[in-house]
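What follows is each chain in one-letter form.
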Amino acid sequence: MQNSVHDPKVLIALDFADADAALEFVKPLDPKNCRLKVGKELFAVAGPEFVQQLVFQGFDVFLDLKYHDIPNTVAKAVAAAARMGVWMVNVHASGGSKMMKAAKEALTGFEKPPLLIAVTVLTSMQREDLAEIGLDIEPKEQVLRLAKLTQDSGLDGVVCSAQETAMLRKELGEDFCLVTPGIRPAGSAANDQKRIMTPADALKSGSSYLVIGRPITQAVDPIKALQSINDSLDVE
Ligand SMILES: O=c1ccn([C@@H]2O[C@H](COP(=O)(O)O)[C@@H](O)[C@H]2O)c(=O)[nH]1
């Protein structure tokens, strides 16, 4: 599971307040060195045209809108994402198997459908946050339960923390895609993330892709920060 120019492991979270700021940030980036993630903040202001612009520039785009709704609505939303040409899209696994299967079904017929993955337990949450919503268990137990449900529903993978990837690799095999936010280079601020790991350790533990936002976007020199992370992953 090595980082390489053909399969960059770092997905940069473009959490910017407007399209201009995001485009300025993207300008010096090379699609060979990273993929891009567009989430709720940027999508709300910049919309599908912005996403398509990134795709046109040659970037693999993860549209991170974490759909969570009734099956029909999620299926239509996932199909709309596929029409934008994104590389990956996600739903919430807690929406259940009927919703996830409807989302998967909505992608049949696309020549190059995006990878469809499901969020398990947000990396900002720990045991006490689960207790608050009625789940008196460790995050890893809930992650495993939802990851199994996701795999059984026919999806390509899950969003989890890198702290759970070794367990999921053992339980769900090598081909299941494990996308891990909550990645923090040694010494960088955790911010609101709780279940964290360094980029190199995450890759070694079995992460397929590393979602990294603030440690790169808010670095004094973002290109240098990305380069240093890629170097730590043993670029071939
Ligand atoms: O469980 C999750 C799911 C999604 N995210 C998203 O990843 C990035 C992380 O950004 P950082 O600045 O590196 O913390 C952000 O866009 C989240 O919405 C997540 O963190 N955890």
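Please read all numbers here as calculations on a predicted model, not as lab measurements. Within every chain, residues take consecutive numbers counted from 1 along the sequence as written. With pLDDT at 70 or above as the cut-off, local features in this predicted model cover only qualifying residues; side-chain atom pairs require 80 or more to be listed or tallied, and sums for whole chains, interfaces and linings still use all residues.

Some points on the UniProt feature "active site" (unreviewed entry) in the protein chain
UniProt positions are given in the numbering used here, feature names are shortened, and annotations may be inferred rather than shown by experiment. The residues that UniProt annotates with the feature "active site" (unreviewed entry) are Asp64, Lys66 and Asp69. Secondary structure follows DSSP: runs of H or I at least 4 residues long count as helices, runs of E at least 2 residues long count as strands, and numbering of each begins at the N terminus. Examined against the element boundaries, Lys66 turns out to sit in strand 3 (residues 61–67). Each residue is classified by how many other C-beta atoms fall within 10 Å of its C-beta atom, where C-beta atoms are placed from the backbone; a count of 20 or more means buried, 12 or fewer means exposed, and values in between mean partly exposed. Overall, Lys66 belongs to the partly exposed group, with 16 C-beta atoms counted inside 10 Å.

A look at the site of the ligand
Nearness between a residue and a molecule or strand is assessed with a C-beta atom placed from the backbone; a distance within 6 Å qualifies. Taken together, 15 residues sit near the ligand, with Ala13, Thr123, Pro181, Gly213 and Arg214 positioned nearest. Residue composition of the shell around the ligand, grouped by class: seven nonpolar, six polar and two charged. When residues are grouped by polarity, Ala, Val, Leu, Ile, Met, Phe, Trp, Tyr, Cys and Pro land in nonpolar, Asp, Glu, Lys and Arg in charged, and all others, Gly among them, in polar.

As for the sheet that holds strand 2 (residues 35–39)
Any two strands between which DSSP finds at least two bridges are classified as paired. In space, the eight strands of this closed barrel follow the order 1-2-3-4-5-6-7-8, with parallel pairing throughout. Strand-to-strand twist in this sheet, taken as the mean axis angle between neighbours without regard to direction, amounts to 25°. Sheet topology note: the strand 1 (residues 10–13)/strand 2 ladder contains three bridges and is parallel. The residue of strand 2 that forms the bridge with Ile12 is Leu36. Contact between two residues is assigned whenever their backbone-derived C-beta positions fall within 7 Å. Here, axes are lines fitted to C-alpha atoms. For helices the fit covers the stretch in contact, and angles between N-to-C directions go from 0 to 180 degrees. The strands touched by helix 2 (residues 40–56) are strand 2 and strand 3; relative to strand 2, the strand with the most contacts, the crossing angle is about 140°.

Here's the deal with the pairing of strand 8 (residues 209–212)
Alternating residues of strand 8 divide into Tyr209 and Val211 and Leu210 and Ile212, and every residue in both groups is buried. Bridging between strand 1 and strand 8 involves three bridges; their strand directions are parallel. Across the sheet, the residue bridging to Leu11 is Val211, located in strand 8. As judged from the two bridges shared by strand 7 (residues 177–180) and strand 8, these two strands associate in the parallel manner.

A look at the packing of helix 3 (residues 71–83) against helix 4 (residues 97–105)
Packed helix pairs are characterised by how far apart their axes lie and by the angle those axes make with each other. The N-to-C vectors of helix 3 and helix 4 enclose an angle of 30°; their axes lie 8 Å apart at closest approach. The orientation of helix 3 relative to helix 4 falls into the category roughly parallel. Crossing of helix 3 over helix 4 shows right-handed handedness. Taking contact as the criterion, the partners of Pro71, Asn72, Val74, Ala75 and Val78 in helix 3 are, on helix 4, Lys98, Met99, Ala102, Ala103 and Glu105. Among the residues forming the contact of helix 3 with helix 4, the class breakdown is seven nonpolar, one polar and two charged. When describing relative orientation, an angle under 35 degrees is termed roughly parallel and one over 145 degrees roughly antiparallel, while 65 to 115 degrees is termed roughly perpendicular and anything else oblique. Left-handed is the label given to a crossing in which the near helix is rotated counterclockwise from the far helix by less than a right angle, and right-handed is the label when the rotation is clockwise.

Describing unusual backbone geometry
Positive phi outside glycine occurs at Lys66, with the angle close to 45°. Even without being glycine, Asn191 reaches a positive phi, approximately 55°. Tracing the backbone shows Asn191 in the loop between strand 7 and helix 8 (199–205).

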